[in-house]
Amino acid sequence: MARIVLGVAGGIAAYKACSLLRLFTEAGHEVTVVPTESALRFVGAPTWEALSGRPVSTGVWDSVHEVPHVRIGQSADLVVVAPATADLVAKAAHGLAGDLLTNVLLTARCPVVVAPAMHTEMWDHPATQANVSTLMERGVHVIPPVSGRLTGADTGPGRLPEPADLYAVCERILAHGIPVPAHDKYPARATPVDDADVDGGGAVSAAEGGLEGRTVVVSAGGTREPLDPVRFLGNRSSGKQGYALAAVAARRGAHVVLVSANAELATPPGVSVVPVSTALELQAAVEEAAEGADVVVMAAAVADFRPAHYAGTKIKKSHDPTDPDAAPVVELVRNPDVLAGLVERRGDEASPVIVGFAAETGDDEGSVLDHARAKLARKGCDLLVVNEVGTDKTFGRDDNTIHILRQGSSHVVDAGPAPKDEVAAAVWDAVQQIL
Ligand code: CTP
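Calculation criteria
- Residues numbered from 1 in each chain as written.
- Predicted model: local features only at pLDDT ≥ 70, side-chain atom pairs only at ≥ 80, totals over all residues.
- Heavy atoms only, no water.
- Disulfide = S-S within 2.5 Å.
- Buried < 20%, exposed > 50% of the residue type's maximum accessible area, 1.4 Å probe, protein only.
- Domains from an automatic or database assignment.
- Pairing = 2+ DSSP bridges.
- Helix = DSSP H or I, 4+ residues; strand = E, 2+ residues; numbered from the N terminus.
- Axes fitted to C-alpha atoms, helices over the stretch in contact; angles between N-to-C directions.
- Contact = heavy atoms within 4.5 Å.

Colleague: Could you clarify how one ought to interpret the state of the cysteines in this entry?
Modeller: When the sulfur atoms of two cysteines share a covalent bond, that bond is a disulfide. One pass over the full model with this rule turns up zero disulfides. In this structure Cys 18 is not part of a disulfide, and its nearest cysteine sulfur, from Cys 170, lies 15 Å away. Its sulfur unpaired, Cys 110 is 11 Å from the next cysteine sulfur, which belongs to Cys 170. By relative accessible area, which is 13% here, Cys 110 ends up buried.

Colleague: Looking at this structure, how should I read the domain arrangement of the chain?
Modeller: Where the parts come together, the accessible area they lose is often given as the size of the interface. Examined at the domain level, the chain breaks down into domain 1 (3-192) and domain 2 (215-434). Measuring from the centre of the C-alpha atoms in domain 1 to the corresponding centre in domain 2 gives 38 Å.

Colleague: I would appreciate a short explanation of the sheet that holds strand 13 (residues 295-298) in the present structure.
Modeller: Where strands meet in a sheet, backbone hydrogen bonds hold them as pairs that are either parallel or antiparallel. Spatially, the eight strands line up as an open sheet ordered 12-11-8-13-16-17-18-19, and their pairing is mixed. With partners counted over all chains shown, the strands left at the sheet margins are strand 12 (271-276) and strand 19 (412-419), one partner each. The mean angle between the axes of side-by-side strands here comes to 20°, regardless of whether they run parallel or antiparallel. As defined by bridge partners, strand 11 (residues 255-261) adjoins strand 12 across six bridges and the pair is classed as parallel. Bridge pairing in strand 12 links Val 257 to Ser 272. Helix 13 (residues 338-346) rests against strand 13 and strand 16 (353-360) of the sheet, and its axis sits at about 155° to strand 16.

Listed below in structure tokens is the structure:
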């Protein structure tokens, strides 16, 4: 049993908060509803009081002897604001405290979940986006609105997710807390999720489901190891598969940190990107983001070697005065194996779930799967996603074929040929089985 404060702001979606309240009380939680004055224009105080079995107040001047503006927030295990209007989000972001709900938000020291719902134009407005980002940077868990039919005849991102989806996120946060380290370090862009799937009046859930309340780290792209100011050792990874993994995880409700190495791709909605270039930079960013994360997916093509010496000025063709035709010899040193390092740091803990990628070709010594099984054993990660590579396969293409191998199991899941989004969904399905 938890003490939950359900804040309700003045939007048409306030009616959905009644169902959310029922889900909480039926689960045995003690819920105090704190509506705003305008919320009561949509759903009256008697409804909230009857459903919660507790008195309802909007201002700070009722029962002053009990100091409700401090006590309610201080004693809560979870504060959820659903729906949160643009006005409420703005007030919360700026620390205003003109009514009971905004006071509660200032005094709460427990996890705070905010589910904005408003018209698409209001949600998309830079002011709202900046306010939402501010809340996320402070560790508030924002459940983005879903796409679908809005109050009028129009459709777009802005709908409050279904009460059951909100409830699932809240229960997960009550059980596991908000993944604070990632929020602290990587303020997420609070853009709404992809609304390309809007189908008539139906809603496309921001959380396609399964990863709500989880923090996942995805590395993508290919590292570049500089040789001199104009040259580097790189590889042909486009980053498309890693970006698709990040996008699908965000759509499933995860907080996603995408460590992106030299990928020239658009940031997927709801994903925070940490740009890196070299393997060492990628290692530092991934290790930092992995602290407290639930899943790390190493989809990046990380250079195994880097030039031992960086020439601060451009290496000239005639670099050797004694032999004008000589070609320079580039000495290489090994880069750390980031994936293996993550497995080692995890030790005996089950978290984070670690997923490796392997780009393999079959050869005289074995098939693609033979090499992959050996790599899975060597790397010690939980899942290995195997790509067959060749000049016309995988790199830069929009579709992909993979095999997913799980540690300790001989079963192989095949996915594709399919768009990289679909392949990503198969990877997350496999991850979710482990979670
Ligand atoms: N990887 C890594 N750090 C490296 C190299 C690779 O973390 N220095 C990760 C990749 O992101 C990928 C996995 O390891 O998830 C497999 O990479 P791959 O290069 O295929 O594996 P290697 O161990 O380098 O094996 P090989 O000898 O086949 O190159």
